[in-house]
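Examining the three-dimensional arrangement
What follows is each chain in one-letter form.
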Amino acid sequence: MRTIIWLCAAIALLAPVSQVTPLMAHHSYVPKYNPAKKIRLKGVITSVSYFNPHVFFTVEARTRSGQTVSWTVETESISLSGKAGLTKAKMPIGGRVTLTGWQSRSGGAEMGLATYQLRKGRRMTIRRTPR
Amino acid sequence: MAEPSTGTPAPDLGASDVAEVLADGAASELPGFLVPYLTEINASAAAEIVRTVFWVYPLLETAHVIGLGLLFGGIFMLDLRLLGMNKGISVSSLSRHVLPWVWMGFAINLVSGAMLFASDALSLAANISFQLKMMLLVVAGLNATVFQLVSARGIERWDERRSTSSGAKLAAVFSIAVWLAIITLGRLIAYWA
């Protein structure tokens, strides 16, 4: 019994630093992305994970010095993304996109998506507030 | 809350800053008289803290789950007893044991839920899952009130080792169904807007 209690306590303490964190943060951008850091990103889609609970995709962008950076972009669940118009068909590999969103708090190449526009497509608003 | 300043410029990752703020489109889907109040809630200092201090949102979500455990756990045990399980425990003594914890869970979830709501008041008020959840919370409250005022009368006749009244059984089945729906709708806020 005592062993079980210690085990539970250890899991509870370790959970925040493990992979449990993205699930706990689920459906809020605030723990992961900085609401004060709104950015625009232009690049080419390199991969799409159209899965629940959140759709993720990667975009290769070019820096001013000509290097390429791979960004990881997070958006809503498949039902809410699809309802906003962002279906899997609108996310072709190699497609050129212009995105806005909130950058990761770490300052790295990760962003929570606000708007999505495929070249020659209409601009879709997926999330209005960073909540 | 201010971001920690590193003093060094951010590395060029190919993104540019934008100042645009999108208007909350949820306002157009809501009854007009509610919009000013919801806008004020959304702009409150508490809402701003929930949106911007990175650990507050997950803390509130965690509190909301713990509160739900206390709330539904207690209600479910009481409902099972009303349905005739464990007749050796009297309904009134089980109530005395369970209800203070149910009320504590309710208080935790009222506060955590109100703060989570404030952080995105307009979108949530327009969210169909959220609207149905709030309606069913009122229904659950009415069911408990009707049980206390009507079905629980004459409780001394079926408090222990007796079959509970059919009114009590009906209230218990209804309560379980409504609470399961409330939990499901709460979870669906992120998927069915």
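The structure this text deals with has already been given above.
Residues numbered from 1 in each chain as written. Chains lettered and ligands numbered in written order. Predicted model: local features only at pLDDT ≥ 70, side-chain atom pairs only at ≥ 80, totals over all residues. Heavy atoms only, no water.

This paragraph deals with unusual backbone geometry. Leaving glycine aside, a negative phi is the common case for residues, and trans is the common case for peptide bonds. Residue and element names in this part refer to chain A. Cis rather than trans, the peptide bond between N52 and P53 has omega equal to 0 degrees. Checked against the element boundaries, P53 lands in the loop between β1 (33-49) and β2 (56-62). At K120, a residue that is not glycine, the phi angle is positive and equals roughly 70 degrees. Structurally, K120 is set in the loop between β5 (110-118) and β6 (123-125). Judged by its relative accessible area of 83%, K120 falls in the exposed class. (Helix = DSSP H or I, 4+ residues; strand = E, 2+ residues; numbered from the N terminus. Buried < 20%, exposed > 50% of the residue type's maximum accessible area, 1.4 Å probe, protein only.)

Before going further, it helps to examine the packing of helix α6 (residues 128-151) of chain B against helix α7 (residues 166-188) of chain B. Residues and elements named next belong to chain B. Contact geometry for α6 and α7: axes closest at 9 Å, N-to-C directions at 160 degrees. When the interaxial angle is binned, α6 and α7 end up roughly antiparallel. The handedness of the crossing between α6 and α7 comes out as left-handed. Residue-level inspection shows S129, L132, K133, L136, L137, V139, A140, N143, F147 and S151 of α6 in contact with α7, the latter providing G167, A168, A171, F174, S175, V178, W179, A181, I182, L185, G186 and L188. (Axes fitted to C-alpha atoms, helices over the stretch in contact; angles between N-to-C directions. Parallel < 35°, antiparallel > 145°, perpendicular 65-115°, else oblique. Left-handed = near helix turned anticlockwise from the far one by under 90°. Contact = heavy atoms within 4.5 Å.)

Quick look at the interface of chain A and chain B now. Chain A puts 41 residues into the contact, and the matching count from chain B is 29 residues. Here chain A meets chain B over a buried area of about 3000 Å², counting both sides, of which 53% is carbon and sulfur. Ranking the residues of chain A by area buried against chain B places K38, R128 and R131 of chain A at the top, with a combined share of 20%. Linking chain A with chain B are one salt bridge, by the criterion used here. Note that D17 of chain B and K37 of chain A form a salt bridge whose closest N and O atoms lie 2.9 Å from each other. (Buried area = accessible area lost by both parts, 1.4 Å probe. Salt bridge = Lys/Arg side-chain N within 4 Å of Asp/Glu carboxyl O.)

Let us look at the pairing of β5 of chain A. All names here are of chain A. The element β5 is largely enclosed, with a buried count of seven among its nine residues. In the sheet, strand β3 (residues 68-74) pairs with β5 via three bridges, with the strands oriented parallel. Pairing of E74 across the sheet is with G112, part of β5. Across seven bridges, strand β4 (residues 96-104) lies against β5 in antiparallel orientation. Bridge pairing in β5 links G101 to L113. In this structure, the hairpin formed by β4 and β5 is closed by a connection of five residues, where G107 is found at a positive phi of approximately 80 degrees. In this structure, β5 lies alongside β6, joined through three bridges in antiparallel fashion. Bridging across to β6, Q117 finds its partner in R123. In sequence, β5 turns back onto β6 through a hairpin of four residues, with K120 there showing a positive phi of about 70 degrees. (Pairing = 2+ DSSP bridges.)

Before going further, it helps to examine the pattern of salt bridges. All names here are of chain A. Inspection of the entire model under this criterion finds four salt bridges over all chains. Note that E74 and K32 form a salt bridge whose closest N and O atoms lie 3.1 Å from each other. Here the residue E74 occupies a position in strand β3, and K32 occupies one in the loop between α2 (21-24) and β1, the gap between them amounting to 42 residues. Classification of E74 by relative accessible area gives buried; the value is 7%. The class for K32 is partly exposed, based on a relative accessible area of 28%.

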